[in-house]
Amino acid sequence: MRDVTTAQPLDVQPTPLALLLLGREADPRSERGVECPGDLPSPSDPDLVERARAAKEKLGDKVFVLGHHYQRDEVIQFADVTGDSFKLARDAAARPEAEYIVFCGVHFMAESADILTTDDQKVVLPDLAAGCSMADMATAEQVAECWDVLTEAGVAEQVVPVSYMNSSADIKAFTGKHGGTICTSSNAKRALDWAFEQGEKVLFLPDQHLGRNTAVREMGMSLEDCVLYNPHKPNGGLTVEELRAAKMILWRGHCSVHGRFSLDSVNDVRERIPGVNVLVHPECKHEVVAAADYVGSTEYIIKTLEAAPAGSKWAIGTELNLVRRVAAAHPDKEVVFLDKTVCFCSTMNRIDLPHLVWALESLADGKLVNRIEVDKETESFAKLALERMLALP
């Protein structure tokens, strides 16, 4: 047996993943523009809140801070407006006097803000490694290959792409270029109704669950009308016959947070809390949505809780930061997280107070950092897809 008392000490180095989780490095395989932002204030600095306030006050009307619903409380307190990704992007576009748009969210959201704002406005993401696992599940190369598969199957001319807002600018541009539209979780049915007026089939990107739930729950399709395209398999794992028979071609993507909720979660909470109302986001799995009492977007969840009677009981299936916030806002109601396992959105949580302070202080000192800028060609086609959504009845 080796004598451990005389063994040489191990040369242990942090792994790239460990550094990424600590916010000290970046993942070059994630969404475009990811790099280490440099030295950050210490999370233990007791003056962080005051530093953020001072920097924001110094910038005045030059800065407009957007806070997504899934952000930490320590960050959301500095947001000028809060909301979902598309609402925030539109809010930014409505403030042309703001030179800097600081987007406390994830990369694809900041891209959308850059697409919709003027050329004079600069969009800043406090941590460039705040990507989105769902958005990363569909790359431009993979989607182009999928279109080739559809073309070879002889169905591409019948297909209209519909892409969820939670997608990269490249995917939005592909959608615009191929006659499609963007959708949000609240207008997905309207987008699909429009798409089926244009063609016989829909390629839905990148969230399979939102596409399936909308088609089956709201449009009367069957599960058999939907096929799942897996970009990691030859021809997406589908036969020509399956592609020709399908109405909905769903991309194999999902939200890492909403995908965690299961039918067991629903059954368990009903057993633990008699009379509970189960309210979930449509990015959840089909069996979870089918078992829920209410299904809707983030804004729908917030409004439903606001309108709920005192004393009512609610189990919410969405990101934990939002659930905790609505629970605190409604102490007269019992609000619990649907799953027993705590689950924040890890990439949303990369935007913490040290990153926000660093970004605001840099801007206040005249140094532009972490700018998100979409190239003009991509922007033009992505904006076309977004404008089609805005024109939906």
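Preceding block: the structure.
A quick note: this is a predicted structure, and the numbers were derived from the prediction, not measured.

How each quantity is defined
Residues numbered from 1 in each chain as written. Predicted model: local features only at pLDDT ≥ 70, side-chain atom pairs only at ≥ 80, totals over all residues. Heavy atoms only, no water. Pairing = 2+ DSSP bridges. Helix = DSSP H or I, 4+ residues; strand = E, 2+ residues; numbered from the N terminus. Contact = heavy atoms within 4.5 Å. Axes fitted to C-alpha atoms, helices over the stretch in contact; angles between N-to-C directions. Buried < 20%, exposed > 50% of the residue type's maximum accessible area, 1.4 Å probe, protein only. Right-handed = clockwise from strand over helix to strand, strands pointing away. Polar contact = N/O pair within 3.5 Å; in protein donor to acceptor, adjacent residues only side chain to side chain.

K.L.:
Can you tell me about the sheet that holds strand β1 (residues 63–68), naming the residues and giving the values?
P.N.:
What the five strands build is an open sheet, ordered β2-β1-β3-β4-β14; its pairing is mixed. Two strands lie at the open edges of the sheet, namely β2 (81–83) and β14 (371–372), each paired on one side alone. Where strand β3 (residues 100–104) meets strand β4 (residues 122–124), three bridges bridge the pair, whose relative direction is parallel. Bridge assignment links Tyr100 to a residue of β4, and that residue is Lys122. Those strands touched by helix α15 (residues 353–364) are β1, β3 and β4, and its axis lies near 175° from that of β3.

K.L.:
I'd love a proper account of the pairing of β3, names of residues and values included.
P.N.:
For a regular strand, side chains alternate in direction, first toward one face of the sheet and then toward the other. Of all five residues making up β3, five are buried, and the element is well covered by its neighbours. The two faces of β3 match: Tyr100, Val102 and Cys104 on one face and Ile101 and Phe103 on the other face are all buried. Pairing of β1 with β3, which is carried by five bridges, proceeds in the parallel orientation. Bridging from a neighbouring strand, Phe64 pairs with Ile101 of β3. Handedness of the β3-helix α5 (residues 107–116)-β4 crossover: right-handed.

K.L.:
Lay out the sheet that holds strand β7 (residues 201–205) in plain terms, naming residues and giving numbers.
P.N.:
Strand order across the open sheet formed by five strands is β6-β5-β7-β9-β8, with parallel pairing between neighbours. Of all the strands in the sheet, just β6 (181–183) and β8 (226–229) have a single pairing partner and so form its edges. Each neighbouring strand pair of the sheet contributes to a mean axis angle of 25°, computed without reference to strand direction. Note: strand β5 (residues 159–164) against β6, three bridges, orientation parallel. For Val162, the partnering residue across the bridge sits in β6 and is Thr181. Helix α7 (residues 169–177) rests against β5, β6 and β7 of the sheet, and its axis sits at about 150° to β5.

K.L.:
Describe helix α9 (residues 208–218), and please don't skip the residues or the numbers.
P.N.:
Judged by how many residues are buried, α9 sits mostly within the fold: nine of 11 residues are covered. For α9, the full list of buried residues reads Gln208, His209, Leu210, Gly211, Arg212, Asn213, Thr214, Ala215 and Val216. For α9, the N-terminal capping position is held by Asp207, with its side-chain oxygen 3.3 Å away from the main-chain nitrogen of His209. At the exit of α9 stands Gly220, carrying a positive phi of roughly 75°.

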